[in-house]
Amino acid sequence: MSAIALEQATGGFNFDNCRRNELLLSNGVLPGKIHKTGTTIAALTYKDGVVIAADTRCTAGTMIFDDNVLKIHRLSDNIYALGAGTSADCDFQTRMLESQLELLKLNQDRQVRVATAVRKIQQHLFRYQGYLGAYLIIVGVDVTGSHIATVHPHGSIAYLPFIASGSGGYTSLSVIEDRFKPNMTEDEAKKLVRDALYASTTTDLYSGSKINMFVLTKEKLDKFLPYEIVAARTEKQNDYTLAKGTTEVLSTTVKKIEFDIVNEKVKTTSGGHEAMELA
Amino acid sequence: MGDDIMNYNGGVAVAMKGKECVAIACDKRYGVQNKTIATNFTKIYQYGDYCFVAFCGLATDVQTVAQRLKFRTNLYELREQRKLKPNVLYNMLTNLLYERRFGPYFIFTLVIGLDPKTGETFVYDSDNIGAVSDNVNLATVGTASDYIFGLGELFFKPNMNPDELFEATSQSLLNGVDRDSASGWGAVVYVVEKDKVTVRELKGRQD
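Remember, predicted model here, so these are calculated numbers, not experimental data. (Residues numbered from 1 in each chain as written. Chains lettered and ligands numbered in written order. Predicted model: local features only at pLDDT ≥ 70, side-chain atom pairs only at ≥ 80, totals over all residues. Heavy atoms only, no water.)

Draft legend 1. Quick peek at the environment of Ala13 of chain B. All names here are of chain B. As for its position among the elements, Ala13 is in strand S1 (residues 12–17). With relative accessibility at 0%, the residue Ala13 sits in the buried group. Separated by 146 residues in the primary sequence, Ala13 and Asn159 place their C-alpha atoms 21 Å from one another. If we skip the residues at most four places from it in the chain, Ala13 touches Ala25, Cys26, Ala54, Cys56, Leu110, Ala139, Thr140 and Val141. (Helix = DSSP H or I, 4+ residues; strand = E, 2+ residues; numbered from the N terminus. Buried < 20%, exposed > 50% of the residue type's maximum accessible area, 1.4 Å probe, protein only. Contact = heavy atoms within 4.5 Å.)

Given below as structure tokens:
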């Protein structure tokens, strides 16, 4: 009983299954496919702040598991993260970082800085020696200005004026390298990021579908979900609605769900009978 | 062995959204590689009036995670003194799976739910380490999922009524499992509406 209760008490990773899994894998069994976000994510700084964009495809092997994934994670009101690599790691590590930053903000009574977020996640990922496959781009605007940083699973970081990451990162980077200049206007920056993402969603097979874009400055956060639909689903040529009774059913059970009546209103209409006429 | 661990026991589940209704369906095969041991192993578990979860993959992990999740949801309902919402259930499940990031359970999961007050529908799926998905229209997991995805995309249309939803879900499942040797042997479909849950057993190929 105490062992079961303990399962609830502690946080962090649980390594109970490792021995069993090792045994299975040593017998020649292959592990299952996990979701990767094989992705394109890009960020660049412009005159007033930062522009970030991501595609929306999530793949398991070559199968597209989800065509509308949001890869932009909020870390705090002024800091956002883009995630590429293993889907679960990006989701949970950014979620954990978000809650840590919220506590820090409450404790220190100041807006959290980008450098803090980057340092925290870098140190955390280093502890796991690259086993947490989270390729992140952390962006934000704080008192010291606007910053973007790339974080790799082993814990290395780089602060750069523009970053593109993920499987489609190289394609995007080449577009940005060609046209980037410091202190661009917002429209120039948005156009450049859009072109970069467009190039990789069309060439990289693990990126696709839509382009989501956020523009973050000291004053505002503009969300474009999506900014552009690169490839819309093809319209169905026919109506494939199946008639009722198509499927042969062996047995049917209907379970009514009990619900309590919380509120009851009875409204009476006065002198209605003469007015009603049934033709 | 030398085979994928996820194909060891076989099995598949599919979930689809309709207008103020959701459906979840699974096959009933329980096998050990090429042998079929039982034909009454459903993979769908109920966690509240309107929340259902399907687990597909290694059968021992299906049962273990179902029971461990039940433990956590029971404690939640006792502590909070209220019923579980679908997105809370989904978060609990993905947390449970991510805890074992480096020694994972070999299951893929589907969560469906309905909010009876607003009629909002939820369908979520997850891989074996708890990757979080958005609320999707159609989701499928298991050995025949590749085949069912194609059929599901064809038969799904937005705002279906419960009857259309049942037909679309059933036909996607039945035709998909007919192309997969590791699943089949009958099917069960749950259609969840605001005031009732209809459970239907389907007639399918018994091989």
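Read on, since the account is not over.
Draft legend 2. Geometry of the pattern of salt bridges. Tallied over the full model, the rule gives 26 salt bridges over all chains. Taking the shortest distance from any N to any O, the salt bridge between Asp89 of chain A and Arg101 of chain B comes out at 2.6 Å. Taken together, the residues Asp89 of chain A in helix H3 (residues 87–108) and Arg101 of chain B in the loop between helix H2 (86–99) and strand S7 (107–114) connect one chain to another. For Asp89 of chain A, a relative accessible area of 0% translates into the label buried. Glu193 of chain B is the partner of Lys196 of chain B in a salt bridge, and the nearest nitrogen-oxygen pair spans 3.7 Å. Looking at Lys196 of chain B, the relative accessible area reads 22%, which means it is partly exposed. Put simply, Arg179, Lys191, Arg194, Asp195 and Glu228 of chain A are held in one network by salt bridges that share partners. (Salt bridge = Lys/Arg side-chain N within 4 Å of Asp/Glu carboxyl O.)

Draft legend 3. Layout of the interface of chain A and chain B. In this assembly, 63 residues from chain A lie in contact with 68 residues from chain B. Taken over both partners, the interface formed by chain A and chain B buries close to 5500 Å², and the fraction arising from carbon and sulfur atoms is 56%. On the surface where chain A and chain B come into contact, there are six salt bridges. Between Lys244 of chain A and Asp163 of chain B there is a salt bridge whose closest N-O contact spans 3.5 Å. Where chain A packs against chain B, one counts 26 residue pairs in polar contact (both at pLDDT 80 or more). Mapped by element, the contributors of at least two residues to the side of chain A that touches chain B are helix H1 (2–9), helix H2 (18–26), strand S4 (63–66), H3 and strand S13 (249–256) of chain A. (Buried area = accessible area lost by both parts, 1.4 Å probe. Polar contact = N/O pair within 3.5 Å; in protein donor to acceptor, adjacent residues only side chain to side chain.)

Draft legend 4. Examining the packing of helix H1 (residues 59–80) of chain B against H2 of chain B more closely. Residues and elements named next belong to chain B. Interhelical geometry of H1 versus H2 gives an angle of 130° and a closest axis separation of 11 Å. By the angle between their axes, H1 is oblique relative to H2. Seen from above, H1 lies across H2 with right-handed handedness. In this structure, H1 contributes Val65, Arg68, Leu69, Arg72, Thr73 and Tyr76 to the contact, and H2 contributes Val88, Leu89, Met92, Leu93, Leu96 and Glu99. Along the lines of polarity and charge, the residues of the contact of H1 with H2 split into eight nonpolar, one polar and three charged. (Axes fitted to C-alpha atoms, helices over the stretch in contact; angles between N-to-C directions. Parallel < 35°, antiparallel > 145°, perpendicular 65-115°, else oblique. Left-handed = near helix turned anticlockwise from the far one by under 90°. Nonpolar A, V, L, I, M, F, W, Y, C, P; charged D, E, K, R; others polar.)

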